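One letter stands for each residue in the lines below.
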Amino acid sequence: MKKTIRAIALLLCVAMLFATSVLPTSAASSFADADNDGRILSADARIVLRASVGLSPWTDEMLKNCDIDNDKTLTSGDARLILRLSVGFGNEDDSCLNGMEGAELVGLTAKDYKIYEKDGITYIDGILIANKTYPLPSTYNPGALLPECKQAFNQMAYDAYYGDGIYLYELSGYRSYATQNRLYNNYVAADGKQLADTYSARPGHSEHQSGLALDVNSVEASFAYTAEAKWLAANCYKYGFILRYPYGKTNKTGYIYEAWHIRYVGVDIATKIHNSGLCLEEYYGITSKYNY
């Protein structure tokens, strides 16, 4: 404990050199703002550190605002995360928020990516997140695959066919909240909730509702052994897609291996995730678990 406190204290001393570096917060949020002055500074990290080791009391409001890792208590780890925010450390570039005025900083991932929320939708690194932990509002309804996703898939399908003789087609694209609710309940009725949760998303948690994901060719397990599936896994990142539920990642994604389900994230991020060998949850340091 003493070593941990000394390490945090050293970081805080270094941070004082950057005391003018301020991460603004929205007026509606007090996230990481221990003294409630509308700014995230090294002073907030110091307040949380003192509270975490019993040198000063904390309030329920401070706990709500400053429990960054969401473990229901204030620790030196929370102080460290607040310090990193205060001096602009972390591996997430806020330029991804261009065009997202009103987005509110609500947390940090385990890999220090900033989590933003706007209109009930969660964004990390500018990427819309929809999984078991982060739902979409029932009112979110783009009505179809988003244009950038549709265009990228059409180009990929064209190149696959005319370049390599591989035929790819959209089997299932956008689904509304209501449609997903009907499908999920049908699966529960047939297989029970525990099994259904391994292959079907509860309403609000489906990537299909985002308009940025689609199933390709077949949803049969045998599809994984086809030339089409192998081409998709090897090449989809070049068009901005990731294989969303890769083999061996069920404990991270929350779903069984789906060789057919791809998600559009843009070429730059898709390439980084593909080259990392990680699934999206591992890459950003987030969970995919229902809390109900």
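Just so it is clear, the structure is predicted and the values come from calculations on it, not from any experiment.

## So, the overall build of the chain
Counting its regular elements, the chain contains 11 helices and 10 strands. Across the 292 residues of the chain, 49% fall into the buried class. Accessible surface for the chain amounts to roughly 14,500 Å². Of this, 53% is attributable to carbon and sulfur atoms.

## Thoughts on the packing of helix α2 (residues 42-52) against helix α4 (residues 76-86)
Remark: α2 packs on α4, axes separated minimally by 8 Å, with the N-to-C direction vectors making an angle of 175 degrees. If you check the angle between α2 and α4, you find them roughly antiparallel. Contacts from S42, D44, A45, V48, L49 and S52 of α2 reach α4 at S76, D78, A79, I82, L83 and S86. Split by residue class, the contact of α2 with α4 holds 6 nonpolar, 4 polar and 2 charged.

## Some details on the nonpolar core
By size, the foremost hydrophobic cluster in this structure holds 49 residues, and its most contacted members are I82, L128, F153, M156, L168, F241 and I262. With 6 residues, helix α5 (residues 147-164) is the single largest residue contributor to this core. Those residues in contact with I82 that lie beyond four places of it in its chain are A32, I40, L41, D44, A45, V48, C66 and I68.

## Some remarks on the pairing of strand β8 (residues 213-216)
Of the two faces of β8, the one carrying A213 and D215 and the one carrying L214 and V216 are both buried. Sheet analysis places β8 next to strand β10 (residues 258-264), joined by 3 bridges and oriented antiparallel. Bridge pairing links L214 to I262 in β10.

## Quick look at the sheet that holds strand β6 (residues 127-129)
Taken together, 4 strands build an open sheet; the order of strands is β3-β4-β5-β6 and the sheet is antiparallel. Lying at the two open borders of the sheet, with one neighbouring strand each, are β3 (104-108) and β6. Taking each pair of neighbouring strands and ignoring which way they run, the sheet shows an average axis angle of 40 degrees. Pairing analysis gives 3 bridges linking strand β5 (residues 121-124) to β6, with the strands arranged antiparallel. Residue pairing for β6: I124 is matched across the bridge by I127.

## Quick look at the sheet that holds β8
Reading across from one edge, β7-β8-β10-β9 is the order of the 4 strands in this open sheet, with antiparallel pairing throughout. This sheet does not close on itself; its edge strands, each paired only once, are β7 (170-172) and β9 (241-245). Sheet twist, expressed as the mean angle between neighbouring strand axes with direction ignored, is 50 degrees. Seen against the sheet, α5 touches β7, β8, β9 and β10 and runs at an angle of roughly 130 degrees to β10.

## Observations regarding the confidence of the model for the chain
Chain-level pLDDT for the chain is 87 on average; 86% of the residues reach the 70-or-more range. This stretch, residues 12-29, has a pLDDT under 50; its non-local contacts, to residues over four places away or in other chains, come to 34 contacts.

Conventions and cut-offs
Residues numbered from 1 in each chain as written. Predicted model: local features only at pLDDT ≥ 70, side-chain atom pairs only at ≥ 80, totals over all residues. Heavy atoms only, no water. Helix = DSSP H or I, 4+ residues; strand = E, 2+ residues; numbered from the N terminus. Buried < 20%, exposed > 50% of the residue type's maximum accessible area, 1.4 Å probe, protein only. Areas by Shrake-Rupley, 256 points an atom, 1.4 Å probe, with all protein chains shown as cover. Axes fitted to C-alpha atoms, helices over the stretch in contact; angles between N-to-C directions. Parallel < 35°, antiparallel > 145°, perpendicular 65-115°, else oblique. Contact = heavy atoms within 4.5 Å. Nonpolar A, V, L, I, M, F, W, Y, C, P; charged D, E, K, R; others polar. Core = buried A, V, L, I, M, F, W, Y, C linked by side-chain atoms within 4.5 Å. Pairing = 2+ DSSP bridges. pLDDT = per-residue confidence, 0-100.

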